[in-house]
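Listed below are the residues making up each chain.
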Amino acid sequence: MEALQRRQAIPAREMRVCGGSQKMLRFRVNGPTSKAQCKASFAQIVTSSGRTKQQKQVAAVPVIDKEVPEEATELPDDKLLKFERKGWVSTRRLLSESQVKEMKKEAEKVITEQKLLALQQRVRVLNPKIKDPATTITTIEAAKAALKGKDLGFLQFFNTHRSSAFISSIVRGKVLAGTAAQLLGVPRVRLYQDCIFLKEPGYTETNWHSDLRMAPFDTNSYVTAWIPMRPVVGTEDDSGLLFASGSHRDFALPFWHDLRQRGLDDRDYKIETPGKLELGDVTWHHGWTLHCAGAQPKGSKPRMALAVAYFADGARLLPRKSDPSVYKHMLHDEDAESYERWASTLPDGGVASHYLLPLVYPPGAAAASSPSKPRGRL
């Protein structure tokens, strides 16, 4: 752990700052270009392991449950270097099989209870002609009717750690938070959000995007953990993640180009996948790394995954209102349901410090550093 603490004291690396200091736009949201690119990428997929299909089958082993370490495992230098260069990395068996199974049970409860809320959010994003769907759409049937003809890639359920003690113990625990701190190269990490992503059979591709495009922060120190709740094949027969390796360092793309109608064809990114993911495997991607997910084929099993986002303590909110230099056309409020409760209480451009953004690393620092929860409802 001493070596881990020394690593965390190192400032964020310069290459990451240079690679992501401009805001990347979500590429052609629900447009044909990004969908076609994501779908076509499966045909030319390059796995991170470099093994052939035959080799993968020979090397496959059953998932064996194990005790989960109380501390984050120190990541080897080659894995940290891969994250710096490619913008993503996989950590095998980071969680136990039993943990993920229990997580799935909790997620299924949330999905049953909050299905209408999730559909209302997709109506707001995909069908802006319908005003205030949170109040005008009151049934699941009405929400589905409002989404008819729209490319529904997923449903998302925000911040389950606030209602599930078990999920809270995972996303606020030392293992995930400690790994996030190592990847970001920072000593203190806050939890931004967790989000269940549900892909039902027949749901379409998730378009190329970068997560920081959806978040309200003005920072580069942001990482997302992606935890599938069942094994994911990682081919066109399932909806695992695809990464545009090195895209988080492509400063030229958002600096010179208006991304609203631009594809990725000429960027020569190496499109990669972590390959098959078993229960307990976790992938990590930088906040500016472009990634997408394939369609969920009809007749397949639904795919649920928990995405958990962390950021460096001390990061500021993007000064959307007070700073005229902020590109207005780059602003995006797709995830507003996740952050509007707390963001509206902080100064524009202020430090992102709030009890709903708990300090989760190092352990024990939260009580001394985070504003206390106010009495009554926020």
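This text gives an overview of the structure that appears in the document. (Residues numbered from 1 in each chain as written. Predicted model: local features only at pLDDT ≥ 70, side-chain atom pairs only at ≥ 80, totals over all residues. Heavy atoms only, no water.)

Focus: the overall build of the protein chain
Within the protein chain, the secondary structure is distributed over 13 helices and 14 strands. Residues classed as buried in the protein chain amount to 53% of the 378 residues present. Here the analysis covers contacts within the protein chain between residues at least 6 apart in sequence; of these, 86% occur between residues at least 24 apart. As displayed, the protein chain offers around 17,400 Å² of accessible surface, 53% of which is attributable to carbon and sulfur atoms. (Helix = DSSP H or I, 4+ residues; strand = E, 2+ residues; numbered from the N terminus. Buried < 20%, exposed > 50% of the residue type's maximum accessible area, 1.4 Å probe, protein only. Contact = heavy atoms within 4.5 Å. Areas by Shrake-Rupley, 256 points an atom, 1.4 Å probe, with all protein chains shown as cover.)

What about the environment of Gly153?
Among the secondary structure elements, Gly153 is positioned in the loop between helix H8 (140-146) and strand E3 (155-158). Given a relative accessible area of 6%, Gly153 falls into the buried group. Along the sequence, Gly153 and Thr204 sit 51 residues apart, while their C-alpha atoms lie 4.4 Å from each other. If we skip the residues at most four places from it in the chain, Gly153 touches Lys199, Tyr203, Thr204, Glu205 and Thr206.

Thoughts on helix H10 (residues 174-184)
Where burial is concerned, most of H10 is hidden: 10 out of the 11 residues are buried. Within H10, the full set of buried residues consists of Val175, Leu176, Ala177, Gly178, Thr179, Ala180, Ala181, Gln182, Leu183 and Leu184. Gly185 sits one or two residues past H10 and shows a positive phi near 70 degrees.

Side note on the packing of aromatic side chains
Tallied over the full model, the rule gives 11 aromatic pairs. For the pair Tyr192 and Tyr222, a centre-to-centre distance of 6.0 Å together with 55 degrees between the ring planes defines the contact as tilted. Here Tyr192, found in strand E4 (residues 189-199), pairs with Tyr222, found in strand E7 (residues 222-228); they are 30 residues apart in sequence, far enough to count as distant. The pair formed by Tyr192 and Tyr222 is uniform in burial state, with each residue classed as buried. Here the aromatic rings of Phe255 and Trp256 are separated by 4.8 Å at their centres, their planes lie at 85 degrees, and the arrangement is edge-to-face. Using a relative accessible area of 43% as the deciding quantity, one classes Phe255 as partly exposed. Take Trp256: its relative accessible area is 66%, and that puts it in the exposed class. Taken together, the ring pairs connect Tyr192, Phe217, Tyr222, Phe311, Tyr339 and Trp342 into an aromatic cluster. It is Lys82 that lies over the ring of Trp88; its NZ or CZ is 4.1 Å from the centre. (Phe/Tyr/Trp six-rings, centres within 6.5 Å; stacked < 30°, edge-to-face > 60°. Lys NZ or Arg CZ within 6 Å of the ring centre and 35° of its normal.)

Side note on the pattern of salt bridges
A full pass over the atoms with the stated rule returns 14 salt bridges. For the salt bridge of Glu272 with Lys86, the shortest nitrogen-to-oxygen distance reads 3.1 Å. Of this pair, Glu272 sits in strand E9 (residues 270-273) while Lys86 is found in helix H5 (residues 77-86), placing the two residues 186 residues apart along the sequence. On the basis of relative accessibility, which here comes to 1%, the residue Glu272 falls in the buried class. Using a relative accessible area of 24% as the deciding quantity, one classes Lys86 as partly exposed. Residue Arg190 is joined to Asp313 by a salt bridge in which the shortest nitrogen-to-oxygen separation is 2.7 Å. (Salt bridge = Lys/Arg side-chain N within 4 Å of Asp/Glu carboxyl O.)

Regarding the nonpolar core
In terms of nonpolar packing, the biggest core is built from 52 residues, with Trp284, Leu306 and Tyr310 touching the most fellow members. No other element matches helix H6 (residues 97-126), which puts 9 residues into this core. Other than its neighbours up to four places away in sequence, Leu306 contacts Met103, Thr160, Ile167, Val171, Asp194, Cys195, Ile196, Ala225, Trp226, Ile227 and Met229. The next biggest cluster of nonpolar side chains, apart from the first, holds 19 residues, and it includes Leu212, Tyr339, Leu346 and Leu356. (Core = buried A, V, L, I, M, F, W, Y, C linked by side-chain atoms within 4.5 Å.)

A short note on the side chain of His286
For His286, the location among the structural elements is in strand E10 (residues 282-286). A relative accessible area of 0% places His286 in the buried class. Among the polar contacts made by the side chain of His286, one reaches the main-chain carbonyl oxygen of Asn220 at a distance of 2.8 Å. (Polar contact = N/O pair within 3.5 Å; in protein donor to acceptor, adjacent residues only side chain to side chain.)

So, unusual backbone geometry
Residue Tyr361 is joined to Pro362 through a cis peptide bond whose omega torsion reads 0 degrees. Here Pro362 lies in the loop between strand E14 (359-361) and helix H13 (366-369). A positive phi angle, near 55 degrees, is found at Asn159, a position not held by glycine. Following the sequence through the fold, Asn159 ends up in the loop between E3 and helix H9 (165-171). Classification of Asn159 by relative accessible area gives buried; the value is 7%.

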